[in-house]
Amino acid sequence: GMCYRDLGNLDVAGRYIEPIASATGLPVELMFAVGSTLSGMKRHEGAVKAMDQVMARLPQNIQPEKLLDVVRVYEAAQRADRMVAPLARYLQMRPADWRGWLDLATLHALTRQGGQAQAALRRAFDLGREEAVQAARGSEVLKPLIAQVLQRAAPDRQPMVPYLKR
């Protein structure tokens, strides 16, 4: 009975689970579960270690939504540097998700990769049109990039957002 009582205590449970994050050779699915669990317990260092192992050995048939879960674990740990790879992989599988492109643009902007941020923002605008532009306007990080991206629309094309006040 004492064991169950102890495992009801998140701090004790975290002490049991956290060492697993540093173990090597365990199945990717187990590491994913460990990373998600530790993140939920706000044990971010262990969660990042586990998800780093998941990313190092990503199965080819991984569900795109699982990649977003990896992004969320890194986000909870405030590791923007780690969020780009799983989000980029997700966008390879779901290239029409303009919100994903907007998130990628934000990450590139936060990590000072201006050219990549503009390219991702342009893709978001191409896919999401006015809705994507409005969403970008609500972001302090993306707002400074909007005008540059919209001006770069090729002159021979119809305006990307025809009703935008210029």
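Refer to the preceding data block for the structure.
Counting of residues starts from 1 at the beginning of each chain's written sequence and follows it residue by residue. For a predicted model such as this one, the threshold for reporting local features is a pLDDT of at least 70, and the threshold for listing and counting side-chain atom pairs is 80 or more; totals across whole chains, interfaces and linings nevertheless cover every residue. Calculated side-chain values reflect all of the structure's heavy atoms, with hydrogen atoms and water omitted.

Q: Help me understand the pattern of salt bridges, please; the structure alone is not making it clear to me.
A: Note that side chains of opposite charge can pair when their charged atoms are close. Whenever a carboxyl oxygen of Asp or Glu lies within 4 Å of a side-chain nitrogen of Lys or Arg, that contact is scored as a salt bridge. Within this structure, the stated rule accounts for nine salt bridges. Between D69 and R72 there is a salt bridge whose closest N-O contact spans 2.7 Å. Within this pair, D69 and its partner R72 are both found in helix α5 (residues 64-76), separated by three residues, close to a single helical turn. Think of it in three bands: with a 1.4 Å probe and only protein chains considered, a residue is buried below 20% of the maximum accessible area for its type, exposed above 50%, and partly exposed in between. For R72, a relative accessible area of 46% puts it in the partly exposed group. For the purposes of this entry, the term helix denotes a DSSP run of H or I that reaches at least four residues, the term strand denotes a run of E that reaches at least two, and both are numbered from the N terminus.

Q: Please explain the side chain of H108 as it appears in this structure.
A: Secondary-structure assignment places H108 in helix α7 (residues 98-110). With near-sequence residues (within four places) excluded, H108 lies in contact with V84, Q113, Q116 and A117. Note on definitions: a residue-residue contact is assigned when non-hydrogen atoms from the two residues lie within 4.5 Å.

Q: How should α7 be read in this particular structure?
A: Three- or four-residue spacings in an α-helix give side chains the same orientation, since the helix completes a turn every 3.6 residues. Expected span, for any helix, means 1.5 Å times one less than how many residues it has. In this model, α7 (13 residues) spans 18 Å end to end at C-alpha, consistent with the 18 Å of a helix rising 1.5 Å per residue. α7 sits mainly inside the fold: ten of its 13 residues count as buried. Sitting at the head of α7, D97 places a side-chain oxygen 3.1 Å from the backbone nitrogen of R99. Immediately beyond the C-terminal end of α7, within one or two residues, lies R112, with a positive phi of roughly 60 degrees. Two N or O atoms count as a polar contact when they lie within 3.5 Å, although within protein this holds only if one can serve as hydrogen donor and the other as acceptor, and sequence-adjacent residues are included solely when both atoms are side-chain atoms.

Q: Help me understand the layout of surface pockets, please; the structure alone is not making it clear to me.
A: A water-sized probe, rolled over the atoms, reveals where empty space remains. A volume near 280 Å³ is recorded for the largest pocket. Those elements giving two or more residues to the lining of the largest pocket turn out to be α5, α6 (80-93) and α7. The dominant element in the lining of the largest pocket, judged by the number of residues it contributes, is α7, at five residues. Residues were grouped as follows: Ala, Val, Leu, Ile, Met, Phe, Trp, Tyr, Cys and Pro as nonpolar; Asp, Glu, Lys and Arg as charged; and all remaining residues, including Gly, as polar. Here the lining of the largest pocket is built from residues that sort into eight nonpolar, three polar and five charged. A 1.4 Å probe that fits but cannot get out identifies a cavity on a 1 Å grid over protein atoms alone, an open set with protein on both sides within 12 Å along at least five of seven lines counts as a pocket, and a residue lines either if it has an atom within 4 Å of a point. Grid points are joined across faces, edges and corners, and a volume is the space filled by probe spheres set on the points.

Q: Would you take a moment to explain the nonpolar core for this structure?
A: Soluble, globular proteins show a tendency: their nonpolar side chains are buried together. Nonpolar core, defined: a set of buried Ala, Val, Leu, Ile, Met, Phe, Trp, Tyr and Cys residues in which side-chain atoms within 4.5 Å join the residues together. Counting residues in hydrophobic clusters, the biggest one holds 46 residues, and the most contacted among them are V54, L121 and F125. Counting residues per element, this core draws most heavily on helix α8 (residues 114-137), which supplies eight residues.

Q: What exactly am I supposed to notice about the packing of helix α3 (residues 28-40) against α5 here?
A: Packed helix pairs are characterised by how far apart their axes lie and by the angle those axes make with each other. Relative orientation of the contacting elements α3 and α5 amounts to 40 degrees, with a least axis distance of 10 Å. Classified by the angle between their axes, α3 and α5 sit oblique to one another. Crossing angle aside, the handedness with which α3 passes α5 is left-handed. On α5, the residues touching F32, G35, S36 and S39 of α3 are K66, D69, V70, V73 and A76. Within the contact of α3 with α5, the residues separate by chemical class into four nonpolar, three polar and two charged. Angular values range over 0 to 180 degrees, each being the angle between N-to-C directions of two axes fitted as lines to C-alpha atoms, with helices fitted over their stretch in contact. Here the angle decides the label: under 35 degrees means roughly parallel, over 145 means roughly antiparallel, 65 to 115 means roughly perpendicular, and every other value means oblique. Crossings are sorted by hand: turned counterclockwise from the far helix by less than a right angle, the near helix makes the crossing left-handed, and turned clockwise it makes it right-handed.

Q: So what exactly am I meant to see when it comes to unusual backbone geometry here?
A: In most cases, non-glycine residues show a negative phi, while peptide bonds are predominantly trans. A positive phi angle is found at R112, which is not glycine, with a value near 60 degrees. Locating R112 in the fold gives a position in the loop between α7 and α8. Judged by its relative accessible area of 73%, R112 is exposed. Its identity as a non-glycine residue notwithstanding, R129 has a phi of 50 degrees, on the positive side. Within the secondary structure layout, R129 lies in helix α8.

Q: Before we go on, may I ask you to explain the packing of α3 against helix α4 (residues 44-56) in this structure?
A: For the pair α3 and α4, interaxial distance at closest approach is 8 Å and the crossing angle is 155 degrees. The orientation of α3 relative to α4 falls into the category roughly antiparallel. The two elements α3 and α4 meet at a crossing, and its hand is left-handed. Here V28, M31, F32, V34, G35, S36, L38 and S39 of α3 lie close against α4, whose contacting residues are H44, G46, A47, A50, M51, Q53 and V54.

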